Amino acid sequence: MDYKPRPIDTSKITLSEDVLELTELLAKNTHEIWARQRLAERWRYGTQRDDERLEHPGLVAYEELPEVEKQYDRNTALETLKTIIKLGYTIEPPRRREHANAVASDVNAVSESLKQPGALALGDLLAIWQAHDPSRWASSPEVYRLLGARLLKLGELLLAYDVVSEGLNPWPDDLRLRQLQALALTRLGATERANTLLRTLYDEEQRDEETVGMLARTHKDLWQQEGDPAERERQLQQSYKFYEEAYRLSGGYWTGINAATLALLSGRRDDARALAAEVRELCLAELRRVVETGGDRYWVLATLGEAALVSEDWDEAARRYEEALTDGRRQLGELTSTRRNARLIIAYLGGDPAFVERLLPVPKVVVFDASGATQAGETERHTPAGTEAATTARQVIYERLTELGAGVGYTTMPTPYDAPFLEAMLEAGGEAHAVLPCGVNELFKDDDGSDDSDDDHDGDDETEAARAARYKSLLGRVTSFVEASEQNMTVGGMSDEYSRLLLHGLALIRAKQLDTELVLLKPTARDAEGRPAPGASPVQDADALTKEAGAWTRDNETDAWTRARVELIDLGGISSPRASDSSTDASLAHEVTADAARGFNARMAALLFADAVHFSKLTEAQIPVFVQDFLGAVGSLVARFQPAPLLKNTWGDGLYLVFADVQAAGRFALDLSDLLNATDWTERGLPADLNLRIALHAGPVYGCTDPVTEKDNFIGTHVSRAARLEPITPPGQVYASQAFAALAAAQHVEGFTCDYVGQTPLAKKYGTFPTYHVRRQQSARV
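Since this is a predicted model, take the numbers as computed values, not measurements. (Residues numbered from 1 in each chain as written. Predicted model: local features only at pLDDT ≥ 70, side-chain atom pairs only at ≥ 80, totals over all residues. Heavy atoms only, no water.)

Participant: Please explain the packing of helix α8 (residues 142-153) against helix α9 (residues 157-168) as it appears in this structure.
Facilitator: To characterise two packed helices, one gives the angle between the axes of the helices and the distance between these axes. Where α8 contacts α9, the two axes come as close as 8 Å, and the packing angle between them is 165°. Comparing the axis directions of α8 and α9 gives the class roughly antiparallel. For the pair α8 and α9, the crossing hand works out as left-handed. Counting all contacts with α8, which are made through Tyr144, Leu147, Gly148, Leu151 and Leu152, the residues of α9 involved are Leu157, Leu159, Ala160, Val163, Val164, Glu166 and Gly167. (Axes fitted to C-alpha atoms, helices over the stretch in contact; angles between N-to-C directions. Helix = DSSP H or I, 4+ residues; strand = E, 2+ residues; numbered from the N terminus. Parallel < 35°, antiparallel > 145°, perpendicular 65-115°, else oblique. Left-handed = near helix turned anticlockwise from the far one by under 90°. Contact = heavy atoms within 4.5 Å.)

Participant: Could you clarify how one ought to interpret the pairing of strand β15 (residues 654-659) in this entry?
Facilitator: Sheet faces and side chains relate simply in a regular strand, where the side chains alternate between the two faces. Most of β15 is tucked away, with six of its six residues classed as buried. Alternating positions in β15 separate into two faces, Gly654, Tyr656 and Val658 on one and Leu655, Leu657 and Phe659 on the other, with burial throughout. Both strand β13 (residues 601-613) and β15 contribute to a ladder of six bridges, which runs antiparallel. Across the sheet, the residue bridging to Phe609 is Tyr656, located in β15. Inspection of the sheet shows strand β14 (residues 647-651) paired to β15 by five bridges, in the antiparallel sense. In the sheet register, Leu647 faces β15, and the bridge partner there is Val658. (Buried < 20%, exposed > 50% of the residue type's maximum accessible area, 1.4 Å probe, protein only. Pairing = 2+ DSSP bridges.)

Participant: Just to check I follow, could you spell out the packing of aromatic side chains for this structure?
Facilitator: We describe a pair of aromatic rings using the distance from one ring centre to the other and the angle between the two ring planes. Taken as a whole and judged by the stated rule, the model has 16 aromatic pairs. Consider the rings of Phe630 and Trp681, whose centres lie 4.9 Å apart with planes at 50°: the pair is tilted. Separated by 51 residues along the polypeptide, Phe630 in helix α27 (residues 622-640) and Trp681 in the loop between α28 (662-677) and β16 (691-705) bring together distant segments of the chain. This pair shows no difference in class: Phe630 is buried, exactly as Trp681 is. Among the aromatic residues, those joined into a ring-pair cluster are Phe615, Phe626, Phe630 and Trp681. Over the face of the ring belonging to Trp43 we find Arg38, whose NZ or CZ atom lies 4.4 Å from the ring centre. Between the NZ or CZ atom of Arg207 and the centre of the ring of Tyr202, over which it lies, the distance is 3.8 Å. (Phe/Tyr/Trp six-rings, centres within 6.5 Å; stacked < 30°, edge-to-face > 60°. Lys NZ or Arg CZ within 6 Å of the ring centre and 35° of its normal.)

Participant: Would you explain the sheet that holds strand β7 (residues 480-483) in this entry?
Facilitator: By way of backbone hydrogen bonds, the strands of a sheet pair with one another, either parallel or antiparallel. Taken in spatial order, the six strands line up as β7-β6-β5-β3-β8-β11 in an open sheet, and their pairing is parallel. Two strands in the sheet have a free side with no partner beyond their single neighbour: β7 and β11 (565-569). The sheet shows a mean angle of 25° between the axes of neighbouring strands, taken without regard to direction. By the bridge criterion, four bridges tie strand β6 (residues 431-436) to β7 in an arrangement that is parallel. Its bridge partner being in β7, Val435 is matched across the sheet by Val482.

Participant: So what exactly am I meant to see when it comes to the pattern of salt bridges here?
Facilitator: Charged atoms that come close allow side chains of opposite charge to pair. This structure, assessed with the given rule, holds 41 salt bridges. Taking the shortest distance from any N to any O, the salt bridge between Arg280 and Glu281 comes out at 3.7 Å. Of the charged contacts in the structure, one is a salt bridge between Arg319 and Glu316, with a shortest N-O distance of 2.9 Å. One end of the pair, Arg319, and the other, Glu316, are both in helix α17 (residues 314-325), three residues apart, so they sit about a helical turn from each other. On the accessibility criterion, Glu316 (11% relative accessible area) is buried. Connected through salt bridges with shared partners, the residues Arg280, Glu281, Glu316, Arg319, Arg320 and Glu323 form a single ionic network. (Salt bridge = Lys/Arg side-chain N within 4 Å of Asp/Glu carboxyl O.)

Participant: What am I meant to see in α9 here?
Facilitator: Working note: α-helix, 3.6 residues per turn, so residues spaced by three or four point in the same direction. A rise of 1.5 Å per residue sets the reference length of α9, with its twelve residues, at 16 Å; its end C-alpha atoms lie 16 Å apart and thus fit the reference within 8%. Taken together, the buried positions of α9 are Leu157, Leu158, Leu159, Ala160, Tyr161, Val163, Val164, Ser165, Glu166, Gly167 and Leu168. (Expected span 1.5 Å × (residues − 1).)

Participant: It is not clear to me how the side chain of Lys82 should be interpreted in this structure. Could you clarify?
Facilitator: Along the chain, Lys82 turns up in helix α3 (residues 67-86). Although Lys82 is buried, it forms no salt bridge, and the closest oppositely charged side chain is Glu79 at an N-O distance of 4.5 Å. Not counting residues up to four positions away in its chain, the partners in contact with Lys82 are Thr10, Ile13 and Leu15. (Lys, Arg positive; Asp, Glu negative; His and termini not counted.)

Participant: Whenever I open this one, the environment of Tyr321 confuses me. Can you help?
Facilitator: By the element assignment, Tyr321 lies in helix α17. According to the relative accessible area criterion, Tyr321 is buried, its value standing at 1%. The sequence separation of Tyr321 and Thr303 amounts to 18 residues, and the corresponding C-alpha distance is 8.8 Å.

All we've got here are geometric facts, nothing functional implied.
What follows is the structure in structure tokens.
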């Protein structure tokens, strides 16, 4: 076949943020148009494409498509927008702020817009909320209900909580707003507060399935978190009681199966079997209806599997779980939820732990780490993208990923073989994630298009501009990419180390979320001529890498966390598509002269910012008390805490501490939060709601001597990142950045956990930030 596609070159077209937001809407619309045409041609959903029977697995809602299928639609939309610009046309987005002001002032218009699925992107929702007039919105609880529910569905938990909380000021008795507030708190990890709110609703005779079912869920969560055996048993019994009541109220199979499972786990085996039998009949009837209408069968089949497990019908459970798994439209989160309950039941019954892994396997998370792919001191061998070598590398990696059962992949960019790995991961239909040492524009600087090939890269005729375009195109297709820093840190070479820690930490977080194994995939070390490096036998290499990797994974037999296993991939003499060789490459960062860097020491550090809530409302008489008692309590804690912080500083009501590692910073933050929350400040003449917002971040910083104060200090862009998170942290809570959570996972900290709560809008319009709730790890877990 001689045909070679030659689309219009849009590699140098950059879209504005407003126009980029159109991509997802257009991608979804592309799928909807395609599906409408297929349905008009009498096609229907099928688990596999069958042209004779007119069946296609893609005939599902856009949200249910595999990520790789969504990416095709996104690429079409993105390239369409770029082509329009390339051809000389302009795309003028609506003036969002003015539009938001106009819409937000019309409460009915906002409500109608929110009722239309997909009509408003997240950016639109944020703009409307920031522009809204609380006095106008107070006329209707509906707008708060709709916006809160939409934000919860998008995973914007903190913002959803703010919305429904404001709505409850003028409408304190609105049932739906109170339910949404409790749901937001449950997902934020504030289980006890959610339980209190739901129990209040229950005592007020609000005993619908959703309220009672959510109340049961909070008791289940508290049971799994509790360390005291007697309290654990009480929470377990309460959870069963409320699930069983919710089921009797509604006859719904989701509360019914939870009631059956909790009855079994609480020792009511006969009750559990009776409930499971009832749920089985409900599900069989629902399955017949779903088959007739062509609906989603997964949860019905998974519930049948769980009901069979409760009844100890292992064959039936195996059959139903296999059917659920092959239904063809599952998201990994739903499968993880199914596995979690199945594991609880099997553990209680003393069954084979491998049963879950055999019948409900979750794809493995793979970290591709090509550092050390050549012998130290040698130069990487490179070939241009699109060559036979690049295609061969992708195929070899694809086959290895298939053997491993990989479904999620992480790598750093730019490194050897990064593009073939990410492309192979996408080809396999999995998630592909990349970690960049700095911002995209900083990392891939376009030059004047001249060929910069040299003797070290013989045959490499790809210019820096073309290479940058290739990488940016790939980043447009991956599932996600993370910019470790805004700029590259040249002093001390910290950018690569930081990126690698983030890589392992983010991969481990994903593996924990999916309850699956983490595998490190490393190319066998080779010298500059492509020969195996001396002493790099597979066994020796794997043992050394396992000790060096610093990543952890869960053992399915013992439920303990151990070091991740290392798998090697032999790419033979395949040259890697060129990647920049070092974080100090001039194309990756601005050069820092020796004179400018003198006196600065780069290091990794954990940063804590805290600010007193309502400090500005203190009276003149209260300020000395605040300094002596409130800040005095903080100072006493700092003085006795070990290991001591590297830096401590205050300004009025603000607190800035620097720690050597995330373990110390997390422990101190929680000790500080516990101290302040347990103190009755009214006894000291201070406001009852006086508290701190505490924010944590971790990253590379510069240690130096401040020329003004002549004291040690730590500065850098990551200090600014930490400061941006503090203003949006809820009072009395400890919140952390994604980087802090990732480093905590990579270093396997103990004593606290970091739970994802969503993309949070930062202060001063600095965009959004993946945010985590830091809380103590209970002494006993299920």
